[in-house]
Amino acid sequence: MSTEDRPPAPRSLAEALRARGDASLGALLRSRPDLITPVPTDLTQLATRAGTRASVVRALERLDRFALQTAEALAVAADPATYGELLGLMAGDDADPAVVAALPHALDGLREQALVWGGDDRLRLVRTARELLAPSPQRPSPTGLGPTVQEATAGMSPGRIQEIVTAAGLPSTHDSVSAVTALAGLFTNRARMAALLAGAPADSLEVLQRLVWGPPYGQVTADPAPRLRWLLDRGLLLPTAPGTVVLPREVALHLRRGLAHRAPEPVPPVVEVAAVHRPQVVDSAAAGQAYTALATVEELLKDWDEGGPAVLRAGGLSVRDLKRAAVALDVPEPVAAFWVELAYAAGLIASDGEADERCAATPAYDEWRELPAAERWSRLVTAWLAATRTAGLVGGRDAKDRTLSALGPGLDRSAAPEVRHRVLTLLAGLPEGAAPAAGSVLARLRWERPLRGDRREDDLRGRLAEWALSEAELLGVTGRGALSAQGRALLGAPAAPAKGPEAEPAGPGDKLPVHHHHRPAPLAALSSAEQAVASAAAARLLAPLLPEPLDHVLLQADLTAVAPGPLRRPLADMLGVLADVESKGGATVYRFTPGSVRRALDSGQAASDLHAFLAAHSRTPVPQPLAYLIDDVARRHGHLRVGAASAYVRCDDDAVLNEILADKRAAGLGLRRLAPTVLAAQTDPSGLLEGLRAMGFAPAAESAEGDVLITRALAHRTPPRTAPEPVPDGPPVPDDTLLAAALRAIRAGDLASTTPRKAGTAPELDGEPPRTGAAETLATMQAAVLTGEALWIGYVNAEGSASQRVIAPIRVEGGFVTAYDHTADEVRTYPLHRITGVAELADDGD
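What counts and what doesn't
- Residues numbered from 1 in each chain as written.
- Predicted model: local features only at pLDDT ≥ 70, side-chain atom pairs only at ≥ 80, totals over all residues.
- Heavy atoms only, no water.
- Pairing = 2+ DSSP bridges.
- Helix = DSSP H or I, 4+ residues; strand = E, 2+ residues; numbered from the N terminus.
- Axes fitted to C-alpha atoms, helices over the stretch in contact; angles between N-to-C directions.
- Parallel < 35°, antiparallel > 145°, perpendicular 65-115°, else oblique.
- Left-handed = near helix turned anticlockwise from the far one by under 90°.
- Contact = heavy atoms within 4.5 Å.
- Nonpolar A, V, L, I, M, F, W, Y, C, P; charged D, E, K, R; others polar.
- Phe/Tyr/Trp six-rings, centres within 6.5 Å; stacked < 30°, edge-to-face > 60°.
- Buried < 20%, exposed > 50% of the residue type's maximum accessible area, 1.4 Å probe, protein only.
- Lys NZ or Arg CZ within 6 Å of the ring centre and 35° of its normal.
- Salt bridge = Lys/Arg side-chain N within 4 Å of Asp/Glu carboxyl O.
- pLDDT = per-residue confidence, 0-100.
- Arc of directions from axis to C-beta.
- Polar contact = N/O pair within 3.5 Å; in protein donor to acceptor, adjacent residues only side chain to side chain.

**Q** Hey, could you run me through the sheet that holds strand E3 (residues 217-219) in this one?
**A** Reading across the sheet, the 3 strands line up as E3-E5-E4 and stay open at both edges, with antiparallel pairing between neighbours. Each edge of the open sheet carries a strand with a single partner, namely E3 and strand E4 (238-241). This sheet shows a mean twist of 40° between the axes of neighbouring strands, independent of strand direction. Pairing of E3 with strand E5 (residues 244-246) involves 3 bridges; the strand directions are antiparallel. Looking across to E5, one finds that Gln219 is bridged to Thr244.

This is the structure in C-alpha cells:
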C-alpha cells in the first residue's frame, strides 16, 4: 500500500475507535461492559469513558501477566513508541523467541481492550494507564525501573549538569537541554556505554548491580564514598532528594540488556499432573462423595427441624452454634460452615423472621427432599457454582476487625464464581482421571490475573482457588482430585483431551501441553438456560452411580438395626424417629433406646404400629429384647398426664403421685397435691415433662380437653424465601440483542456529532447543537421534505435532556415532523417546539 493510499494515523483514542468495525467494537464492549452502563451517546464519549481511572483499573486487573508486562513496558517507553522499541524492552538484546512470538497477540489484546491505540509506528498507552503503571518515587514501577535522565535532572542546576557531561567524557554544551540529551544518548548507546563502564571501579559496578532490578533508589551520605562519587560524577546515579539517589532508566536498561522485566512470562505456567486414576474410579469416588454431601445437608436440616440456632443481632450464627453443628455433623468447623452456607445459597435454610429470630429450613427444602438424589445434587452444585458467599472466610476478620460468622454479612466475594469456574475449567483441560498439582493450578491463576493475585487481601484469588478445589471434592464434582464425568458435564465441557495418539493416561509430574504462546480461551460462562441443560446432563451421568435406596434393615439382638445402604424416604424418616443413629459409613447403625421409643409414641404411633413397622421392614426376625422394650415403654407411656394449670400432673394411680412427691429430684418442680390423682406445678408443661422424664417416668402431654397431645415430627419452616442473590462482579456482559442496540445507538450518535455541516449553518463550537428560530426551523424542514435531504437537529426531550440527531424529514404537519432518525435507526415523530435548531449537512464535495 502506498503512502497516499494508507489511512491517516488516528490522532486520538476516539478516532482509533471510529476506525474499528462493529465486530471489534462489540468485542471491546463485551470485555469491558462498564463502558455501556449507560450507553454512551457517541464514540467520543465512549473513548472518554474508556480512559477513566475506575474503568482502566478494572481493565488492567483482567489482564494476564504477559499482557500486563507489555503494558508496563509501554509505560516506561517513549510516548509514542514504535513496535521495535517495545519488542526491545520485552525481548531484550537476545530477542527471546518465545517473547517475539507472543508479543503481537498481547499487543492486539491491549488494543482490543482500548488500553493501547495507534499503529505499530506510534503505539500509545492510554494516559490513565500510563499514570498508573509508570514509575514514580511514591509508587515504584513493577518493572523496577526509575525515572529517565531527563526526569531525574529536571531540578538540577545547569552548572552541575555540565560537570556531569564533562566527567562522562562528553563535550560541554551551551544549554542544559542539549546536555541532558547528550547524556541520555550516551547511556542508550551500547558500545559507548560499555566503554564507560569498562573503566568503572569494581565496587562501583557492584552498587549498580544492586540497584539494576529495583528498587532503583538508594541512600547516600553528605560525603559519599569514592565508589559512589565515581557514579555520581558521571550521572550513572542522580540525586533526587537530599540523601537519595536514583539509577536512571537508560542506565538500568543497558545493564539489563534492554529488558524491562527480569523474567518476561509469555507462556502461561502449565498445569502439572500429580496423580492419575482410572476414570471409572474417579467417577465412583465422586459419586460416593456426592451421596455423602446429600446426606450431610439432610442431617444438618434435620437437626434444625424444630427450629435451628438463634440469629445474632448482627446477623449469622454464633461461634457456639457453629461448633454444635460441627459436632452434630462430625466434621471440622470450617467444613460445617461450608455446608451451612451451601444450604443457604441453595435456598434450603433462612431466617424465620420471628421476634425471637432463628434459622430454619424453608418450604423449598421439603420440595428438594422429594427430588431424585441426582437432581438434588445438581441443585446444590449449581448453587455452589454461582454463589458469591464464601464459607472459607468464616472465622476471619472484616475491615473493621469484626469476626465474620456463618450466614452473617460480609462473606460475599464477587470473584468467587469466576474463580470456581476457572479452576474446574483447568481441570477439564487435563486428560480424564488426571488430578492436578494444586500449586500449579494456583500458579496458573496468578499468571492469568496477576494484579488481583499479588496485591489484594493477601492473595484472595489464590485462597478462593484452594477453597474451590476442596469444596469440589466435598461435593463430588471431583473424585480423588480429578474432575469427574458429571463435573465435566456441569461445565458444559467437551470430552477430556487424550494425552497422545494412543490416548494413554498421563503420568504424575506430566504437564499439560501448550501449543501456543498465549492463554487459551477458557470455557465461556453459561447462560441460565445453558446451565440448566448442563446440570440436567450432570444429573443423568450421576444417577446410575448412586446406590439404590433400600426398603429394609437388619435388626440385631443388641437393640440395634443396621441399614446396609441408603434407605427410602418413609423408612428413613420413621426409623429416625424410632431410633438414634449410632454410627455412619457404608452402613448406618441405629440404636433403640427407651427415649427413642418414647419419641415414636409421642409422635402418635401405638405399640402395635411399631411392631408392624419393624416386622415389615426387617430382613431378620424382630428380636425379643426389642419387642419387650417397645411393650415396656408403651405400658408406662401416658400413665401420667401433664396439662396447663400453670401445669398439672394427673394419674389414676395415686401411689405413683406419692412416689413423685417423695422424690427429692421433684423439689424444683414446685409440686403440690390438688386431689388424690392430681398434682399442680409451678413450672410450665414442657419443663414439667422434661423434669419427670429425667426422673425416669414416661409422662404424656394432654390438651385442655384431656386428650393426649401427639407430638408429630413436623418441622418448623420459615415463610417462603428466595435464595440469596449473588453479588455481581461489575456490570453484566451484554447479550447479543443489547450489544447490537448499543452499537447502533453509538454509531448513530457519532454520525450526528461528526457529520459535516454546511458553512455558515453550524455553531462555532464543536459539539454544540444548532440553534435557529422557529420560522427558520419550519422552513428548513419543509424544504428537506421536498429535496429528501438529511438534517442535523438539536432536540430536547420531555425530561429536559438535550441531544443531537441526524434525521431525514418525511412529513411536516400539525406542529410535528415525521422523519427517519438515523440515530435511532427508525421512523419517529418529533414536536417542532422541542427542536432547538436545525442545520443542513454538507454535500460530499464540500
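Text resumes after the structure shown.
**Q** Looking at this model, I keep getting lost on the packing of helix H28 (residues 594-602) against helix H30 (residues 624-636). Mind explaining?
**A** Pairs of packed helices are described in terms of their axes, by the angle between the two and the distance that separates them. Between H28 and H30, the shortest axis-to-axis distance is 9 Å and the interhelical angle comes to 60°. Taken together, the axes of H28 and H30 are oblique relative to one another. For the crossing formed where H28 meets H30, the hand is right-handed. Between H28, through Pro594, Val597, Arg598 and Leu601, and H30, the contact on the second element is made entirely by Leu629, Ile630, Val633 and Ala634. A breakdown of the residues in the contact of H28 with H30 according to their chemical character gives 7 nonpolar, no polar and 1 charged.

**Q** Would you mind going over the packing of aromatic side chains with me for this structure?
**A** Each aromatic ring pair is characterised by the separation of its centres together with the angle its planes make. Evaluated as defined, the whole model comprises 3 aromatic pairs. A ring pair is formed by Phe338 and Trp339, whose centres lie 5.0 Å apart and whose planes are at 55°; its orientation type is tilted. Per residue, the accessibility class of Phe338 equals that of Trp339, and both read buried. Positioned over the ring face of Trp368 is Arg376, at 5.6 Å from the centre of the ring.

**Q** I tried to follow the sheet that holds strand E12 (residues 554-555) on my own but got confused; where do I start?
**A** Hydrogen bonds along the backbone pair up the strands of a sheet, which may run parallel or antiparallel. Spatially, E12-E13-E15-E14 is the arrangement adopted by the 4 strands of the open sheet, whose pairing is antiparallel. The open sheet is flanked by E12 and strand E14 (580-583), the only strands paired with a single partner.

**Q** I would appreciate a short explanation of the pattern of salt bridges in the present structure.
**A** Pairing of side chains with opposite charge becomes possible as their charged atoms draw close. Per the stated rule, a full pass over the model turns up 35 salt bridges. One salt bridge in this structure joins Arg160 and Asp233, with 3.9 Å as the shortest N-O distance. With Arg160 in helix H10 (residues 158-167) and Asp233 in helix H14 (residues 226-233), the pair connects residues that are 73 residues apart, well separated along the chain. Judged by relative accessible area, which is 23%, Asp233 ranks as partly exposed. Three or more residues are tied together by salt bridges with common partners; here these are Arg160, Glu163, Arg229 and Asp233.

**Q** Even after reading the chapter, I still don't get the side chain of Thr772, so can you show me in this structure?
**A** Mapped onto the secondary structure, Thr772 falls in the loop between helix H33 (736-754) and helix H34 (774-787). Residues within four places of Thr772 in sequence aside, it is in contact with Thr777, Thr836, Gly837 and Val838.

**Q** Is there a simple way to think about the confidence of the model for the chain in this case?
**A** Predicted coordinates in regions of low pLDDT should not be interpreted in detail. For the chain, the mean per-residue pLDDT works out to 85, and 89% of the residues sit at or above 70. Element-level mean pLDDT values for the chain span from 60 in helix H23 (residues 450-455) up to 96 in strand E11 (residues 482-483). Throughout residues 498-507 the model reports pLDDT below 50, and contacts reaching past four residues in sequence, or to other chains, amount to 12 contacts. Contacts from residues 762-766, a stretch scored under 50 in pLDDT, to residues over four places away or in other chains number 6 contacts.

**Q** Just checking my understanding: could you explain unusual backbone geometry for this structure?
**A** One can expect most non-glycine residues to show negative phi and most peptide bonds to be in trans. Cis peptide bonds are those with omega within 30 degrees of zero, and the linkage from Thr37 to Pro38 qualifies with 0°. Note the cis peptide between Asp79 and Pro80, where omega equals 5°. Mapped onto the fold, Pro80 is located in the loop between helix H5 (65-76) and helix H6 (83-91). For Arg257, which is not glycine, the phi torsion reads 60° and is therefore positive.

**Q** Help me understand the environment of Leu657, please; the structure alone is not making it clear to me.
**A** Mapped onto the elements, Leu657 comes out in helix H31 (residues 654-662). Taking the C-alpha atoms as reference, Leu657 lies 7.5 Å from Leu679; in sequence the two are 22 residues apart.

**Q** Would you explain the packing of helix H21 (residues 416-428) against helix H24 (residues 460-475) in this entry?
**A** At a minimum axis separation of 9 Å, H21 and H24 run at an interaxial angle of 60°. Taken together, the axis directions place H21 and H24 in an arrangement best described as oblique. In this structure, H21 crosses over H24, and the sense of that crossing is right-handed. Every residue of H24 that contacts H21 at Ala416, Glu418, Val419, Arg420, Val423, Leu424 and Leu427 is listed here: Arg461, Leu464, Ala465, Ala468, Leu469, Glu471 and Ala472. By residue class, the composition of the contact of H21 with H24 is 10 nonpolar, no polar and 4 charged.

**Q** Looking at this structure, I do not really get H10. What am I missing?
**A** In an α-helix, one turn spans 3.6 residues, which is why side chains three or four residues apart end up on the same side. Looking only at H10, the buried set comprises Ile161, Gln162, Ile164 and Val165. The buried residues of H10 occupy one face: seen down the axis, they fall within an arc of 160°. On its buried side, H10 packs onto helix H11 (176-188), H14 and E4. Gly169, located one to two residues past H10, shows a positive phi value of around 90°.

**Q** Sorry, what's going on with the side chain of Ser618 here?
**A** Relative to the helices and strands, Ser618 resides in the loop between helix H29 (607-617) and H30. Of the residues examined, Ser618 reaches a relative accessible area of 12% and is grouped as buried. For Ser618, the side chain forms a polar contact with the main-chain oxygen of Thr620, separated by 2.5 Å. If we ignore the near neighbours within four places in the chain, the residues touching Ser618 are Val553 and Leu555.

**Q** What is the right way to look at the environment of Leu259 in this model?
**A** Along the chain, the position of Leu259 falls in the loop between helix H15 (249-255) and strand E6 (273-276). We classify Leu259 as buried; its relative accessible area is 17%. Residues Leu259 and Trp213, spaced 46 residues apart in sequence, show a C-alpha to C-alpha distance of 9.9 Å. Discounting chain neighbours no more than four positions away, the residues touching Leu259 are Leu89, Met90, Ala91, Gly92, Trp213, Leu253 and Pro264.

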